[in-house]
Amino acid sequence: MSKIKKEVGYGCIAALLFFGIVTWVVGEGNSADVSEGFNENKEDRAIEYKINSHTSPESINAQIVARKVPDGYKLAAQNDHLELFMDNQMKSIMIKDRKSGYVWSSIPEEEGLQKERLNEEWIAALRSPFLVEYFDEESMQKRGSYLSLESTTEQIEQVPGGIKATYSLKKLDMTFSMEVKLESDSLVVRFDDQDIVENGKSKLASIQPLPFLGAVLKDEIPGYILIPDGSGALIRFQGMHPRYDQAYDGRVYGMDLAVESSDRRSINEQPILMPVFGMVHGTGQNSFLGIIEDGKHTSHIIAYPSGVNTNYYWAAPKFILRYAYYQPTSKNMGGFNTFQAERNHEDRQVRYIFDDGLDADYVGMAKTYREYLKGLEILKTKSGSQENIPLHMELLGLEKESGIIGNSMVKMTSFEEAEAMVNELMDKGVHNLSVVFKGWGEGGLNGNNPDKFPVAKELGGKNRLLELKKILEERGIPLFLYADYTNAYGSNGGFSPNADAIRTISNNVLSDTYYLWFDAESSSDLTVYYINPKLSTEIAKSDAEQFDKMGMDSLALGKTGSLLLSDHHPKSKMSRMQAAGEYEKLAASLLGRMDHLGVYMPNEYLWKYSSQMFEMPLYSSQYMFSTDTVPFLQIALHGYVDYFSSPANYNANPQEYVLRMVEYGAYPSYKLTNEPSWKLKNTLSNDMFTSYFDDWKDEIASTYEKMNAVLKQVQDATIEQRNVLDWGVVEVVYSNGKKIIVNYRGKDISYENQMVPEMDFILVGGE
Amino acid sequence: MVKCKSILFITIIMLLLPSTAFANAPYMTFTINHDGEPILTQSAYLPTGVVDGFNITLKDADTGEEKSVPLSSPEDIFIDSKDHVYVADTGNSRIVVFDQWGNYLQTIGQNTLSKPTGVFVDEEGTVYVADYGREKVFIFNQDGKLMKEFGKPDSHLFGGKNPFKPMKVIADKRKNLFIVGEGTIHGLIQISQEGEFLGYFGGNKTGFNLTKMLQRTFYTQVQLDQLMKQLPPSATNVAVDREGLVYTSTVGSRNDSIKKLNVAGKNLLPDLWSYSDITDITVDALGNIYAVDSFRGRIIEYDRDGNILFIFGGTDEGNQRLGLFKSPSGIAVSSDGRLFIVDKQRNNIQILKATEFTTIVHEAIFYFMDGKYAQSEGPWIDVLRLNSMFDLAHTGLGMSAMKQSEYKMALEEFRIAGNKEEYSNAYWEIRRIWLMENSSRYMIGILLLFTAVVVMKKLYRKYGFARQAVDGWKWFKQRKLTAQLLHPFRLMRHPVDGYWELEAEGKSSILSATILLILLFVVRVFEIYQTNFLFADWDVMKVNLFTEFLKVFIPFFAWIISNYLVSSINDGEGKFKDIYKGTIYALSPYIIFAGPVAIMSQGLTRLEIVLYDFASTSIVLYSAFLLFMMVKEIHGYEIGQTVKNIFLTLIGMLIMALLAFILFGLSNQVTDFIYSIFQEVKYRVEN
């Protein structure tokens, strides 16, 4: 027995050994598999730049034949630039550019109209000098035009430079007058509020003057409409296009939340900062720029692409006289539809500036707008430019966190740390900065507003802040303290929601909620009110004194620059126009005590007061009917004021974003904290998913170096030309002769006798 | 896998975020963290192009004129290995082929097809088309020549009465066809290359429905027959990946929305979370799954294991911005990672491109999924730099740290990621090392302590060592209040005697009971904050002390009141204060042991979850037992009567809850009514 056992034993050992050796030899071989490296396919194709977030190259168009002024029209006015013709009832007008001979008509050609199969309503509209919306006896909102409402022209009187026609809308029993006159190279259309007489039961909701001025049927004339969407967008005339659902209905200066509800607000829609629009018939041939001058606060800009109701492309301003709204009568939102009883009493005026030749494109229009703003002293020559471009550094100091018992404060950046961060960046080569400090007060960023003081002790207190300011000042860097005069929340001494908050048109206090978590309710959810603008101005005045005493000289205005609301509180009623006036007074009083006022995404009425503009849009909303995005805003502003982009550390395409900033002449901006951003997880700033300074400092330095090398040379120059050389390749020409060429493509491009590397930019020429 | 909370509110919430637009997209992009909460992130995909099909030219047979026939109601899209894009142009009864840049290549099946709703192309370039209109599956070769067609299978296994309405089709590596048929509840129809029916594959199950269950229990057969049968939903679409695994998407079922099926038809991703209206799915070369929710216009991207990477997109409700969809019906991915989404109502294909951020995430996942943790570390660090709330990155870094034996760092990363499994593993490693280093020291220490105690005891007995301390302690124990506070110990060991003493011998008082009650709440709070997060079901950050307070005291007082009321009807002997004291003392196991158990849990890993569960369960059971004893002893019942009493008490508590609910609801209605009247009056007066 034992012998067999022994043999079996030996046999097993031998087998094991054999097995082990084999495994060892063979096993190693398998893992030498070639693993695929990660495939980063970077092919370069032009089609990627045909997307409407870029601009397409212009093609040369044949000379467009001008229309003839029909016989029935007589000359109503003329000056050196333009001739104004009208028909005998002033149902339509024609403007002839004396230099080029081109004729703009307020209604499309009758021939083309006949061929189109349109319903009665639209045929009437296309032949009318205005479109109106009105509320009938049952409070239903209806549309009408001169012809559909059986109107007559009661009176036509000569005024210096033009004519004033009084229309009587028989069906609605109301009259109003429209004045059309020439001023140098522009046509001015005006509605005086006192001339609007409503005798019947119907009430006017809105008026659109000369809606079809320059309207184009499909693509019979090459060209485009310019809309002030974000930085600017073009709607080119196309013959073949998909079916669109609706027209563009842009609200100038954003939606008035006190009147319109927010369900129609779509995510991340770009704002309208300027009340302008335009039309080009043939690039480099004929164009006009429309600027809404009076009544701009309650106006919309409408642009219809072909295929919506008619096959015409047309654009016009719409003045709102009365808003419709829903009056709730119970907490469950039962209620009824009604409209504003008293109309908005404002005079309304829109100016059309005509151009021809090389300036007849969006660049020319932007330059025209720039000259216009200079004329009104809204843009003034920049002073105090340093050698290097500034980099916007937005720091977050203190935030409020929901806690176990009560709330605690999370310190993200103290004043001392801010100083260290600035020093570190400057050592790395960032020569010029513009520092905005948010959340510097005791309540933190979402703690209390408008009570801002005292300065947070956790961050170092008032003295340390002053010290920081002095140190930065020595290095030529302004320190802006962030101030918000629009929202009120938290515990406040002088603010009571029922008395001081803005009320909606249905007399409810307007409030918003900032949610902490998406799913569970939290005691940290913040109810936010809106401060009546008049009160804001008073608060700002007293704040300015305190800031001055503290020794601070720069302030950054958030939200107040871009949010414009009317107030319907019975004791402090205020229209949007009055609110804008108050904000202008606010800005002026702040400037009285401060040296610099930086504003976040300011509307045009605050441009006069802004020494720096933060978070200016570099994109448009990319509507399906828009064909291009253009830097209209930037061309108008560059050289007169420093403007910055949205924080670059939140952009999903960091490399491409740098190219865009350089192309648009915008300076870089970063949102930073000294502490890592996960500390904000339980605060209302938990959407700041990246802000850690140590993570970003190297990239900031290298980005700055690249951008500064090029942009510092054109800091005070204006943009004179913008040429798209090919899909994704743009050339921007500045007034000092320097040109910046940006290449978005995945391959190198040759330019004159140089190469522009892929995803890069170069600066050429100049003195 | 992560259970997600409801994400329907995202559309509302996003309007109220106080920050500016992060990117130029008309939608927000989210990732999901370990708690199932949406975390905002940079845009993952941005619109990069639109294909309308205006470049598709059709030569009119009669006039020879070329006119453009753009896409019309396209319902499916497929991209083959050569990056050719095949679109089932349903409204125009044809399959249109583009290259990946939108240039038109050819049309297939113009005169053969009626209503093609599904298209698939295999490795050799053979085109499979599911034609809903003609109820057949057609197979074309690369040039567009018809090779085969299959109608309804003859096999009686298929069922003569079952309709054959093919909507989508794929072919696997063995060239077997899997067909999604309308109304086919048994799964995908499997057909061989010769047209032979091979069976059903991967069917869905009906979900659990309480109403249906009750109906089945209580209804008669006749009534049941009259009800609609609850059938499992049938799949909406199907895809196949590089390894030949089949994916199905389904509408109408939360749990089975997306399934990844192995050869046996088993779902490999049972815990996958998704919306319930998935109309199409596709898989890219790395195994990432993309799903389209047509109801919300959202696109979800998952990694190979079913972790949600990104959710983005939205419906176009009239604002007509690029990147929004009206009715997305199909999705496909090109080899360079661009998404092609076909929109049935807009009649176009929108192309979305991955952003630089997403490219880094994909790179990190590529290495991570392959187990190359060290290589994934670099990209993960980049991802975290760009978005420090990206949980998957923390897990990735944690795994990398584990590989390099850096257990403390791994622990930290897993804690931030909320990855309980890996945290447990990392902790196990740390504990092992700690034990190895320190256990000997602690053993010796305990031994010494033990010896010291024995020695002291001996000394005391012999020589009266530390007599004063012992006497002091004895005296302290005799104090009335202390005795009462220490009574729970006796009660736990001798419940019957304990309760007798409670009542008769004054071994408890209202004061001591109240102190213990407060202690109960304190212990509860302690438990909330001290239990190891591995075992805790709750999120410490979201705990609302006031709610916890209510959760402890409302049931407590409801029980006492209800019990008193029921007992007084049923000849119970206990007075109210006895019930009060008795209940609190019955909860003494919890008061005494919950704290230590929570502390103990700190040192355990998931592997020892049994210990923790056992300890907590015993506490609960013992308390329940003591409660039972309390009712019996205090009221002087027999066992049967005790059971009846407890049952009635519970019903009493339910009735109290119902009353409270009704009162609350009513008062709400009343206040609302008064408010409405007030508003109406105010409005009328002002006007």
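Rules of the game
- Residues numbered from 1 in each chain as written.
- Chains lettered and ligands numbered in written order.
- Predicted model: local features only at pLDDT ≥ 70, side-chain atom pairs only at ≥ 80, totals over all residues.
- Heavy atoms only, no water.
- Axes fitted to C-alpha atoms, helices over the stretch in contact; angles between N-to-C directions.
- Helix = DSSP H or I, 4+ residues; strand = E, 2+ residues; numbered from the N terminus.
- Parallel < 35°, antiparallel > 145°, perpendicular 65-115°, else oblique.
- Contact = heavy atoms within 4.5 Å.
- Nonpolar A, V, L, I, M, F, W, Y, C, P; charged D, E, K, R; others polar.
- Buried < 20%, exposed > 50% of the residue type's maximum accessible area, 1.4 Å probe, protein only.
- Pairing = 2+ DSSP bridges.
- Left-handed = near helix turned anticlockwise from the far one by under 90°.
- Core = buried A, V, L, I, M, F, W, Y, C linked by side-chain atoms within 4.5 Å.

Trainee: So what's going on with the packing of helix 10 (residues 480-493) of chain B against helix 15 (residues 588-601) of chain B? Residues and values would help.
Mentor: Two measures define how a pair of helices packs: the angle their axes make with one another and the distance between the axes. All names here are of chain B. Running from N to C, helix 10 and helix 15 point in directions that differ by 105°, and their axes come no closer than 9 Å. Taken together, the axes of helix 10 and helix 15 lie roughly perpendicular to each other. Touching Pro-488, Phe-489, Leu-491 and Met-492 of helix 10 are Ser-588, Pro-589, Ile-592 and Phe-593, all from helix 15. Taken together, the residues that form the contact of helix 10 with helix 15 break down as seven nonpolar, one polar and no charged.

Trainee: Give me the pairing of strand 19 (residues 246-250) of chain B: which residues, what numbers.
Mentor: Residue and element names in this part refer to chain B. Counting buried residues in strand 19 gives five out of five residues, a clear majority hidden from the surface. The side-chain alternation of strand 19 yields two buried faces, one formed by Val-246, Thr-248 and Thr-250 and the other by Tyr-247 and Ser-249. Bridging between strand 18 (residues 235-240) and strand 19 involves five bridges; their strand directions are antiparallel. Of the residues in strand 19, the one forming a bridge with Ala-239 is Tyr-247. Taking the residues between adjacent antiparallel strands as the criterion, strand 18 and strand 19 are bridged by five residues, where Gly-244 takes a positive phi near 90°. Pairing of strand 19 with strand 20 (residues 258-261), which is carried by four bridges, proceeds in the antiparallel orientation. Within strand 20, the position partnered with Val-246 by the bridge is Leu-261.

Trainee: Quick one: what's the story with the side chain of A:Ser536, residue by residue and with numbers?
Mentor: Residue and element names in this part refer to chain A. On the secondary structure map, Ser-536 appears in helix 8 (residues 533-550). Relative accessible area serves as the criterion here: at 1%, Ser-536 is assigned to the buried category. Apart from the residues within four sequence positions on either side, Ser-536 is in contact with Tyr-485, Ile-531 and Leu-586.

Trainee: For the sheet that holds strand 43 (residues 760-764) of chain A, give the residues involved together with the corresponding values.
Mentor: Residue and element names in this part refer to chain A. Strand order in the open sheet made by the four strands is 38-39-40-43, with antiparallel pairing throughout. The strands lining the two open edges of the sheet, one partner per strand, are strand 38 (719-726) and strand 43. The sheet shows a mean angle of 15° between the axes of neighbouring strands, direction not considered. The sheet contact formed by strand 38 and strand 39 (residues 729-734) spans six bridges and is antiparallel. Within strand 39, the residue paired with Asn-723 across the bridge is Glu-731. Strands strand 38, strand 39, strand 40 (739-743) and strand 43 of the sheet are contacted by helix 11 (residues 654-664), whose axis makes an angle of about 155° with strand 40.

Trainee: Before we move on, could you go through the packing of helix 5 (residues 415-427) of chain A against helix 6 (residues 461-474) of chain A and cite the residues and values that matter?
Mentor: Residue and element names in this part refer to chain A. At a minimum axis separation of 9 Å, helix 5 and helix 6 run at an interaxial angle of 15°. On the basis of the axis angle, helix 5 is roughly parallel to helix 6. Between helix 5 and helix 6 lies a crossing of left-handed hand. Residues Phe-415, Glu-416, Ala-418, Glu-419 and Val-422 of helix 5 touch helix 6, and the partners they reach there are Gly-461, Arg-464, Leu-465, Leu-468, Ile-471 and Leu-472. Across the contact of helix 5 with helix 6, the residue classes break down as seven nonpolar, one polar and three charged.

Trainee: How would you sum up the nonpolar core? Please name residues and give values.
Mentor: The nonpolar side chains of a soluble globular protein tend to be buried with one another. Core analysis: the biggest nonpolar cluster contains 290 residues, and A:Leu187 and A:Tyr369 have the highest contact counts within it. The element best represented in this core is helix 16 (residues 609-635) of chain B, accounting for nine residues. Among all residues touching A:Tyr369, those that are not within four sequence positions of it are A:Met274, A:Pro275, A:Val276, A:Leu289, A:Ile291, A:Glu604, A:Trp607, A:Phe632 and A:Ala636. If you look at the next biggest cluster of nonpolar residues, it comprises 24 residues, including B:Phe164, B:Ile191, B:Phe197 and B:Leu261.

Trainee: With reference to specific residues and values, describe the pairing of strand 24 (residues 391-396) of chain A.
Mentor: The side chains of a regular strand alternate between the sheet's two faces. Residue and element names in this part refer to chain A. Extensive coverage of strand 24 is indicated by the burial of six of its six residues. Alternating residues of strand 24 divide into Leu-391, Met-393 and Leu-395 and His-392, Glu-394 and Leu-396, and every residue in both groups is buried. Judged from the six bridges that link them, strand 24 and strand 27 (residues 433-438) form a sheet pairing that is parallel. The residue of strand 27 that forms the bridge with Met-393 is Val-435. Bridge count for strand 24 against strand 37 (residues 669-672) is four bridges, and the pairing is parallel.

Trainee: Which residues make up unusual backbone geometry, and what values do they have?
Mentor: Residues and elements named next belong to chain A. A cis amide bond links Asn-449 to the next residue, Pro-450, at an omega of 5°. Along the chain, Pro-450 turns up in the loop between strand 27 and helix 6. A positive phi is found at Ser-139, a non-glycine position, where the angle reads about 65°. Note on placement: Ser-139 falls in the loop between strand 5 (130-135) and strand 6 (141-145). On the basis of relative accessibility, which here comes to 30%, the residue Ser-139 falls in the partly exposed class.

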